[in-house]
Structures are given as structure tokens and as C-alpha cells.
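Understanding the architecture of this molecule
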Amino acid sequence: MARTQKNKATSNHLGLLKARLAKMRRELITPKGGSGGGTGEGFDVAKTGDARIGFVGFPSVGKSTLLSNLAGVYSEVAAYEFTTLTTVPGVIRYKGAKIQLLDLPGIIEGAKDGKGRGRQVIAVARTCNLILIVLDVLKPLGHKKLIEHELEGFGIRLNKKPPNIGFKKKDKGGINFTVTCPQSELDGDAVKSILAEYKIHNADITLRSDSTADDLIDVVEGNRVYIPCIYVLNKIDQISIEELDIIYKVPHCVPISAHSRWNFDDLLEKMWDYLHLVRIYTKPKGQLPDYTSPVVLPTEHTAVEDFCLKIHKSLLKELKYALVWGASVKHNPQKVGKDHVMEDEDVIQLVKK
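The rules behind these values
- Residues numbered from 1 in each chain as written.
- Predicted model: local features only at pLDDT ≥ 70, side-chain atom pairs only at ≥ 80, totals over all residues.
- Heavy atoms only, no water.
- Helix = DSSP H or I, 4+ residues; strand = E, 2+ residues; numbered from the N terminus.
- Contact = heavy atoms within 4.5 Å.
- Polar contact = N/O pair within 3.5 Å; in protein donor to acceptor, adjacent residues only side chain to side chain.
- Axes fitted to C-alpha atoms, helices over the stretch in contact; angles between N-to-C directions.
- Parallel < 35°, antiparallel > 145°, perpendicular 65-115°, else oblique.
- Left-handed = near helix turned anticlockwise from the far one by under 90°.
- Buried < 20%, exposed > 50% of the residue type's maximum accessible area, 1.4 Å probe, protein only.

What follows covers the environment of Asp346. Looking at the secondary structure, you find Asp346 in strand 16 (residues 346–352). Separated by 64 residues in sequence, Asp346 and Thr282 place their C-alpha atoms 8.6 Å apart. The contact partners of Asp346, leaving out residues within four places of it in the chain, are Arg279, Ile280, Tyr281, Val324, Trp325, Gly326, Ala327 and Ser328. A polar contact of 3.1 Å, which involves the side chain of Asp346, links it to the backbone nitrogen of Glu343.

This is the structure in C-alpha cells:
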């Protein structure tokens, strides 16, 4: 690919190569079924709380110190690399939500190919709602690129939206290719050659935004996860104020000092923003709303129905209507059905049949 010059005539060929690369990478990640050896030490931790945040970074950047000081759990800290060997969980309560923090072992270059148990580490990172990439301020920013590359190679896309591409396999009828806006990179032939690489000859493809070959490959592979990510720059107690001002301009970045506990509130606030959680307070009949323990839901599922399912699935059958106070209704209280979508810090009272 490096030898091929990029122009309109060769874009088709490059797309093909990209698809072939992605396919081979996937086969590396999921080896063809053989007799499984002993599984060894389990790595993943049971999911608790409303959201899950994983700390990813090179060895000795201060992930364990950060966990110990944020959550008050003791994760072993020492002056040598790879002190943490398995996942250490911790829980913090923030704005009424229980958030699980995972201190993952350090990953190294080549982790996505299984070096240093990197595969298991990244597999746990895939299950998180938010990834904190912990970096050392004193080390070069090249490390950020390396970690991103390791995670991308394992099908994790950081701070990206899923590409707006409709993809539907069919049994017959060839490839039906529709475009709703002008495309700078893909055309009908390029799409066909990429799909042919996956042995797909009958499908509907709709491109609703200006997409690249990589976006199309991501959609066809279908095993990509899109996770928000914050870069945590640790050890700022060792640099000057001028350097700190420059660092503050980097997007998705929070400088902290895990050891001296500087700037933790800023980090927590940013974590809350990136998790996109919605708090719903409950109100028993004839009593004041309970503002201490909200029910926390993800932003995309905030209907009354989701709220009922979060508490118990039998509630939905017994629900007659709900009364809602807050920003999502026109007048307080308002009688709503199970399809009503609530906003942050609404108060709800369920009325059973």
C-alpha cells in the first residue's frame, strides 16, 4: 500500500488491499477453532454499577495510583513495570451513580497480536462504556498514537460515531448501491471490490454520509465497538505551568496528578460528560422525591419503559401510567405512557393497574 500512489485510478485497488488487510487482521484476532488449551487465569470482572470505565496505558504511568486515590481500593503500586497482573476493580459513587473502575494491566507495543497478554487486556477494554488512556506527561506523545493503534487493531474505535452506512445482505439481486450525498472516495466499483473480498455478491448498500473505505469495512465486519475516550495526562506535578497551559489545549484531555490528587474533580466531571448518563428520581405516592439514589439510565434508552425494565421486568405488565415532573414534560406533573422519553433529573411516579 505504501508503494501505491494515491489517485482516482488506484483508489479501487487500495480499497481492495484495505479490505484484505482487515480480513486477515480479523482472522488473527479470532483464530480458527482448534482444541482450546487451559484457559488460565480469568481476566474479566463481573459488571456492576451503572457504567464501566477502564484504565488503559503503558506500564508505570500511574494507573494503579489513580485507581487507589479515586476509588480507595488498594491496587498494588511499585517502582517496576507490570506490577498489576490482573484486572483490579473499584467502585466510585458520583452524582448518585455507581461507576465501576477497572485498573487493567499495562499494554505494550504489539499487544493486539497477543504480546504481554495484551489480547485479554484489550478484550476487557472492549466491554467498557468509557476508556481512560493514561499517559505520562514526561514521555513523548507518540505513546498516545501507539495505544490508539493497538486498540484500533482490535476493533475499538475511539471518540467516533458509527459510520452512517446502511448494509443489508440479500439472497439474490446483486449489489444495489445508493448514495444520498456526494462521495469523495467511494464509488460503485470500489464498493463492489471490497464486498467481493468478503465474498458478498448480493447486498443493499446505502451511503448516507461521505464515507471512506475503512468505514465501509467497519460496517461489513460488524464487530466494531465505538467507545468514548479521555486522555488522562498523569504526573503533572513534575512540569512547569507554561507546559501545563499547552497541554490544556489538547482535545479530550485532562491533566492530573494521581499521586498528589490534583484536578480529580475536573476528571470526574469530564468522565460524567462522556458517559452520557441520565438520572431519574423516584417519588413514592404522597411522599417527597428521593434525591439520594437516582435510577441511572444511558441517554439512548430513557423511555418510561426502559426505566421500568431497569427496576424489574414485571413492572411493565402492571404499569397503568406514570406521572412525570421535570424538563421533558409540558406541565408538572404530566400523565404519560410507557413511550415517553425522560430527561436528566426528571422525577417519576409509577401508577399500577
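This part covers the packing of helix 5 (residues 188–197) against helix 6 (residues 213–221). Where helix 5 contacts helix 6, the two axes come as close as 11 Å, and the packing angle between them is 40°. Looking at the two axes, helix 5 sits oblique to helix 6. Seen from above, helix 5 lies across helix 6 with right-handed handedness. Here Val191, Ile194 and Leu195 of helix 5 come into contact with helix 6, specifically with Ala213, Leu216, Ile217 and Val220.

Where burial is concerned, most of helix 2 (residues 63–71) is hidden: nine out of the nine residues are buried. Those residues of helix 2 not exposed but buried are Lys63, Ser64, Thr65, Leu66, Leu67, Ser68, Asn69, Leu70 and Ala71. Just beyond helix 2, the residue with positive phi is Gly72, at close to 75°.

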